[in-house]
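Listed below, chain by chain, are the residues.
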Amino acid sequence: MDKRDIVERTNFKALVEADGSDRLQDRLNIIDVFLDTEDHITLEEMIRLLKEKGYDYDPDFVRRCLNRMVELGFAQRKQFEGQPIRYEHRHLGRHHDHLICTKCGKIVEFANEEIERLQMKVAAQQGFHMLQHRMEIYGLCDECLAQRRPLMPLSMAKAGERVVVKEMTGGRQARARLAEMGLRVGDRIEVINNNGLGRLILAHDCTRLAVGRGIAHKIMVSLTDAPPDVICQEDK
Ligand SMILES: [Zn+2]
Ligand SMILES: [Zn+2]
Ligand SMILES: [Zn+2]
């Protein structure tokens, strides 16, 4: 346990003692295990870590203890999209934000003073006094990105991804169908929705297209970071 964690533990002990909380030693064991991990952990993961250290506590007690740590400002509860509730350290005077991989669930922390300053500025411009914010960037982590093949069927692209059409593999009929929709090789499109079933919704130029899964399977695309081809003009 490093120096900062010892200070946290002592501070926690003083507060729960003053509360007259029951099971003081059990609570201290829980905060020790919590301070020992740098991960964003779920209740189940916390229970597993405790078991590894030889503590077999009932889940309800662990959950209550974690929530008490949140109330007292030692932990914070986070729920990223598509993930269970997680707990992480809350160190006074230190703030960070998160990048979340939508494929493997990896969570990466970052701190950027410029982003923090800009957020306050944006809020102030609207007459807001900023109290808190959530800055979560969703995407694919470097490892997941590396696993992707350079060419994939459009049906595999995720919502939010921008892709370039590279090849149409279907027969003449499928190609004619795409031409009808105005899709050509070299076009850049953005995936608005792809829920893994049914049709995909795409942004192409200034229109939204609904493309059947069968056809989307025949359109080979590659990822791009380039902005869309056409900037849609606002109505005059
Ligand atoms: Zn922030
Ligand atoms: Zn990943
Ligand atoms: Zn974090």
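Bear in mind that the values here come from a model prediction, so they are computed numbers and not experimental data.

Reading the values: rules and limits
- Residues numbered from 1 in each chain as written.
- Chains lettered and ligands numbered in written order.
- Predicted model: local features only at pLDDT ≥ 70, side-chain atom pairs only at ≥ 80, totals over all residues.
- Heavy atoms only, no water.
- Helix = DSSP H or I, 4+ residues; strand = E, 2+ residues; numbered from the N terminus.
- Rg over C-alpha atoms; globule rule 2.2 N^0.38 Å.
- Buried < 20%, exposed > 50% of the residue type's maximum accessible area, 1.4 Å probe, protein only.
- Contact = heavy atoms within 4.5 Å.
- Areas by Shrake-Rupley, 256 points an atom, 1.4 Å probe, with all protein chains shown as cover.
- Lys, Arg positive; Asp, Glu negative; His and termini not counted.
- Charge placed at Lys NZ, Arg CZ, Asp CG, Glu CD.
- Pairing = 2+ DSSP bridges.
- Axes fitted to C-alpha atoms, helices over the stretch in contact; angles between N-to-C directions.
- Salt bridge = Lys/Arg side-chain N within 4 Å of Asp/Glu carboxyl O.
- Donors = N, O, S within 2.8 Å, 3.2 Å for Na, K, Ca; no water.
- Domains from an automatic or database assignment.

Some thoughts on the overall build of the protein chain
Regarding its fold elements, the protein chain presents eight helices and eleven strands. For the protein chain, whose C-alpha radius of gyration is 25 Å, the value lies well above the compact-globule estimate of 18 Å for 236 residues. With the C-alpha coordinates of the protein chain rotated into their principal frame, the extents come out at 75 × 45 × 25 Å. For the protein chain, the proportion of its 236 residues judged to be buried stands at 36%. Intrachain contacts of the protein chain at a sequence separation of at least 6 include 55% that bridge at least 24 residues. For the protein chain, the exposed surface amounts to about 15000 Å²; the carbon and sulfur share of it is 50%. Here the protein chain contributes 37 positive and 38 negative side-chain charges, whose respective centroids are spaced 6 Å apart.

Brief notes about the sheet that holds strand S10 (residues 207-211)
Spatially, six strands are ordered S6-S11-S7-S8-S9-S10 in an open sheet, and the strand pairing comes out antiparallel. The open sheet is flanked by strand S6 (152-153) and S10, the only strands paired with a single partner. Direction of pairing for strand S8 (residues 188-193) relative to strand S9 (residues 200-204): antiparallel, over a ladder of four bridges. In the sheet register, Asn193 faces S9, and the bridge partner there is Ile201. Lying over the sheet, helix H7 (residues 172-181) contacts strand S7 (162-168), S10 and strand S11 (219-223), oriented at roughly 160 degrees with respect to S10.

A look at the pattern of salt bridges
By the definition in use, this model includes 15 salt bridges. The partner of Lys53 in a salt bridge is Asp36, with the nearest N and O atoms 3.7 Å apart. Of this pair, Lys53 sits in the loop between helix H3 (43-52) and helix H4 (59-71) while Asp36 sits in helix H2 (residues 24-36), and the two are 17 residues apart along the sequence. Note on Asp36: relative accessible area 47%, which makes it partly exposed. The salt bridge partner of Lys106 is Asp142, with a shortest N-O separation of 3.6 Å. You can see Lys106 sitting in the loop between strand S3 (97-101) and strand S4 (107-110) and its partner Asp142 sitting in helix H6 (residues 142-147), a full 36 residues away along the chain. Exposure remark for Lys106: the relative accessible area of 31% places this residue in the partly exposed category.

Comments concerning the coordination of the zinc ion (ligand 3)
Six octahedral donors around a metal ideally subtend angles of 90 or 180 degrees, whereas four tetrahedral donors ideally subtend 109.5 degrees. Binding of the zinc ion (ligand 3) to the protein goes through His40 (NE2), Glu88 (OE), His96 (NE2), His98 (NE2) and Glu109 (OE), at separations of 2.0 to 2.2 Å. Along the chain, the residues donating to the zinc ion (ligand 3) fall in the pattern H-x47-E-x7-H-x1-H-x10-E. Placement of Glu88 in strand S2 (residues 86-89) and of Glu109 in strand S4 is noted, with a sequence separation of 21 residues between them. Overall, the relative accessible area of 38% leaves Glu109 in the partly exposed class.

Side note on the domain arrangement of the protein chain
Buried accessible area, meaning the area lost when the parts come together, often serves as the stated size of an interface. When cut into domains, the protein chain gives domain 1 (3-89), domain 2 (97-142) and domain 3 (152-223). Each of domain 2 and domain 3 has a C-alpha centre, and these two points are 31 Å apart.

Regarding the sheet that holds strand S5 (residues 136-139)
Strand pairing in a sheet relies on backbone hydrogen bonds, with the paired strands running either antiparallel or parallel. With mixed pairing, three strands are arranged side by side in an open sheet as S4-S3-S5. Every interior strand has two partners, whereas the edge strands, S4 and S5, have only one. The average angle at which neighbouring strand axes cross in this sheet is 20 degrees, direction not considered. In terms of strand pairing, S3 meets S4 through four bridges, oriented antiparallel. Note on S4: the bridge partner recorded for His98 is Glu109.

Looking at the pairing of S8
Bridge count for S7 against S8 is three bridges, and the pairing is antiparallel. Directly across from Arg162, in S8, lies its bridge partner Glu190. Remark: six residues form the turn of the hairpin made by S8 and S9, two consecutive strands paired antiparallel; Gly196 in that turn has positive phi of roughly 90 degrees.

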